Amino acid sequence: MDSPPAKESLAADSPHRIGTVPHSMTDTNNITASDDLGALIDGDAVDGRTMRRTRNRSSVINALLELIQEGDFEPGASAIAQRAGVSHRSVFRYFDDLGDLVRTAVTQQFAQAGELAEIPHLGEGSTNDRIERFVAARIELWRFTHNAALVTQIKRLSIPNIDDALIRILETFREQLNHHFGPELSRFEPDVRMQLTDMILVMSSHDSYRYHLTLFKHSDEQIHASWRCSLTELLRD
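Conventions we followed
- Residues numbered from 1 in each chain as written.
- Predicted model: local features only at pLDDT ≥ 70, side-chain atom pairs only at ≥ 80, totals over all residues.
- Heavy atoms only, no water.
- Helix = DSSP H or I, 4+ residues; strand = E, 2+ residues; numbered from the N terminus.
- Buried < 20%, exposed > 50% of the residue type's maximum accessible area, 1.4 Å probe, protein only.
- Expected span 1.5 Å × (residues − 1).
- Arc of directions from axis to C-beta.
- Contact = heavy atoms within 4.5 Å.
- Phe/Tyr/Trp six-rings, centres within 6.5 Å; stacked < 30°, edge-to-face > 60°.
- Core = buried A, V, L, I, M, F, W, Y, C linked by side-chain atoms within 4.5 Å.
- Salt bridge = Lys/Arg side-chain N within 4 Å of Asp/Glu carboxyl O.
- Polar contact = N/O pair within 3.5 Å; in protein donor to acceptor, adjacent residues only side chain to side chain.
- Patch = residues over 30% accessible without salt bridge, like charges linked within 9 Å, V, L, I, M, F, W, Y side chains within 5 Å.
- Areas by Shrake-Rupley, 256 points an atom, 1.4 Å probe, with all protein chains shown as cover.
- Axes fitted to C-alpha atoms, helices over the stretch in contact; angles between N-to-C directions.
- Parallel < 35°, antiparallel > 145°, perpendicular 65-115°, else oblique.
- Left-handed = near helix turned anticlockwise from the far one by under 90°.
- Nonpolar A, V, L, I, M, F, W, Y, C, P; charged D, E, K, R; others polar.

Asker: Looking at this structure, I do not really get unusual backbone geometry. What am I missing?
Answerer: Leave glycine aside and you will find that most residues have negative phi; peptide bonds, for their part, are mostly trans. A positive phi angle is found at His 121, which is not glycine, with a value near 50°. With phi around 60°, Lys 217 is a residue other than glycine that occupies positive phi space. Inspection of the secondary structure assignment puts Lys 217 in the loop between helix H9 (206-215) and helix H10 (220-235). When its relative accessible area of 64% is taken as the criterion, Lys 217 is described as exposed.

Given below as structure tokens:
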């Protein structure tokens with residue numbers, strides 16, 4: 001009498017056993033044992049914690065930038081934590097101190113404004129066309145980064161290296177000017193050309209924008225007209 005067919009085994013090497021992996025995944029280039037499934041799960045947990053940490057850190061940075069945009073240039077950790085939806089202690093888990101957070105947030109704001117620092121059609125067109133595009137680009141940049149630039153000025157003495165991003169932008173601007181207004185600047189001797197470049201940098205700086213905006217109560221349109229007039233006189237034949 002024939003023996004009844006053996007029942008399907010749920011031994012450790014069965015692909016249907018809970019907690020094991022199929023044979024197709026047990027080669028030397030993949031998961032090699034059921035114990036590795038635990039490691040994989042642990043890895044997913046670590047990745048989850050890393051993602052949560054990254055998300056919370058970004059929330060803290062964005063919360064500070066929002067508060068700055070609303071005119072609170074020196075928010076405390078409690079206000080930042082409340083806006084970010086994290087605990088007060090979490091703020092200092094992701095950053096060494098408030099100075100580190102402010103420096104990181106300001107740097108991020110300027111990095112986000114990278115495209116605005118570009119001058120459309122660099123060096124192309126007539127002098128008047130190039131002046132118009134240059135002025136429009138600068139005003140758009142300072143409008144977007146105005147409050148972050150204010151914080152940079154306020155914290156310059158108390159937070160080391162907070163203005164590094166702004167300094168890098170200004171260095172880029174010097175190269176842009178020499179390219180964008182190359183035909184006009186090339187008419188002058190090197191020393192005079194450098195002085196003119198410095199004058200244009202100062203005239204179109206955030207400090208200049210801020211003075212027009214806060215001291216003179218000028219609108220962006222009035223600032224545009226003033227800078228365009230000044231540049232036209234500086235670069236005239």
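Asker: Please clarify how H10 should be interpreted in this entry.
Answerer: Since the α-helix turns once every 3.6 residues, residues separated by three or four places project in the same direction. Here H10 contains 16 residues, and its C-alpha end-to-end distance of 22 Å stays within 8% of the 22 Å for a straight helix at 1.5 Å per residue. Along H10, the residues that are buried comprise Asp 220, Ile 223, His 224, Trp 227, Leu 231, Leu 234 and Leu 235. When H10 is viewed along its axis, its buried side chains cluster within an angular range of 100° and face the same direction. The secondary structure elements touched by the buried residues of H10 are helix H5 (127-155), helix H7 (182-185), helix H8 (190-203) and H9.

Asker: Would you take a moment to explain the packing of aromatic side chains for this structure?
Answerer: Any aromatic ring pair is given by two values, namely how distant the centres are and how the planes are angled relative to each other. One pass over the structure, following the stated rule, counts 2 aromatic pairs. Between Phe 134 and Phe 181, the aromatic rings sit 5.6 Å apart at their centres with planes inclined by 70°, giving edge-to-face as the arrangement. Here the residue Phe 134 occupies a position in helix H5, and Phe 181 occupies one in the loop between helix H6 (164-180) and H7, the gap between them amounting to 47 residues. Phe 181 gets classed as buried once you look at its relative accessible area, which sits at 0%.

Asker: Where do I start with the side chain of His 146 in this structure?
Answerer: Examined against the element boundaries, His 146 turns out to sit in helix H5. Residue classification places His 146 among the buried residues on the basis of a relative accessible area of 12%.

Asker: Is there a simple way to think about the nonpolar core in this case?
Answerer: Considering soluble globular proteins, one finds that nonpolar side chains tend to be buried as a cluster. Counting 49 residues, the largest nonpolar core has Val 60, Leu 101, Phe 134, Phe 181, Trp 227 and Leu 231 as the members making the most contacts within it. Elements with a contribution of two residues or more to this core: helix H1 (35-69), helix H2 (77-84), helix H3 (88-94), helix H4 (98-112), H5, H6, H8 and H10. Looking at this core element by element, the count peaks at 8 residues for H5. Excluding residues within four positions of it along the chain, Val 60 makes contact with Ile 80, Ala 84, Val 86, Val 91, Tyr 94, Phe 95 and Leu 101.

Asker: Would you mind showing me how to read the pattern of salt bridges here?
Answerer: Using the criterion set out here, one finds 11 salt bridges in the structure. Glu 132 serves as the salt-bridge partner of Arg 228, at 3.4 Å between the closest nitrogen and oxygen. Taken as a pair, Arg 228 in helix H10 and Glu 132 in helix H5 lie far apart in primary sequence, 96 residues in all. For Arg 143, the salt bridge goes to Asp 220, with nearest N and O atoms at 2.8 Å. Here Asp 220 lies in helix H10 and Arg 143 lies in helix H5, a separation of 77 residues in the sequence. Among the ionic contacts, a cluster of salt bridges with common partners joins Glu 66, Glu 70 and Arg 83.

Asker: Just checking my understanding: could you explain the environment of Arg 83 for this structure?
Answerer: As for its position among the elements, Arg 83 is in helix H2. Distance in space between the C-alpha atoms of Arg 83 and Val 60 is 7.9 Å, their sequence separation being 23 residues. Residues contacting Arg 83, with those up to four places away along its chain left out, are Ala 63, Glu 66, Leu 67 and Glu 70. Of note is the side chain of Arg 83, whose polar atom sits 3.1 Å from the side chain of Glu 66.

Asker: Would you explain the environment of His 180 in this entry?
Answerer: Relative to the helices and strands, His 180 is located in helix H6. The spatial distance from the C-alpha of His 180 to the C-alpha of Glu 124 is 7.5 Å, given a sequence separation of 56 residues. Apart from the residues within four sequence positions on either side, His 180 is in contact with Ile 119, His 121, Leu 122, Gly 123, Arg 130, Arg 133 and Phe 134. Here the side chain of His 180 touches Gly 123 through a polar contact of 2.9 Å, landing on its backbone nitrogen.

Asker: Any chance you could explain a nonpolar patch on the surface here in plain terms?
Answerer: There is a patch of nonpolar side chains on the surface, built from Tyr 211, Leu 215 and Phe 216 and spanning about 330 Å² of accessible area. By the element assignment, Phe 216 lies in the loop between H9 and H10. With a relative accessible area of 49%, Phe 216 lands in the partly exposed category.

Asker: Quick question: what am I supposed to make of the packing of H5 against H10 here?
Answerer: The contact between H5 and H10 brings their axes to 10 Å, and the two run at 140°. Taken as axis vectors, H5 and H10 run oblique relative to one another. Between H5 and H10 the crossing geometry is right-handed. For the pair formed by H5 and H10, the contact residues are Ile 131, Glu 132, Phe 134, Val 135, Ala 136, Arg 138, Ile 139, Trp 142 and Arg 143 on the first element and Asp 220, Ile 223, His 224, Trp 227, Arg 228, Leu 231, Thr 232 and Leu 235 on the second. Tallied by class, the residues present in the contact of H5 with H10 amount to 10 nonpolar, 2 polar and 5 charged.

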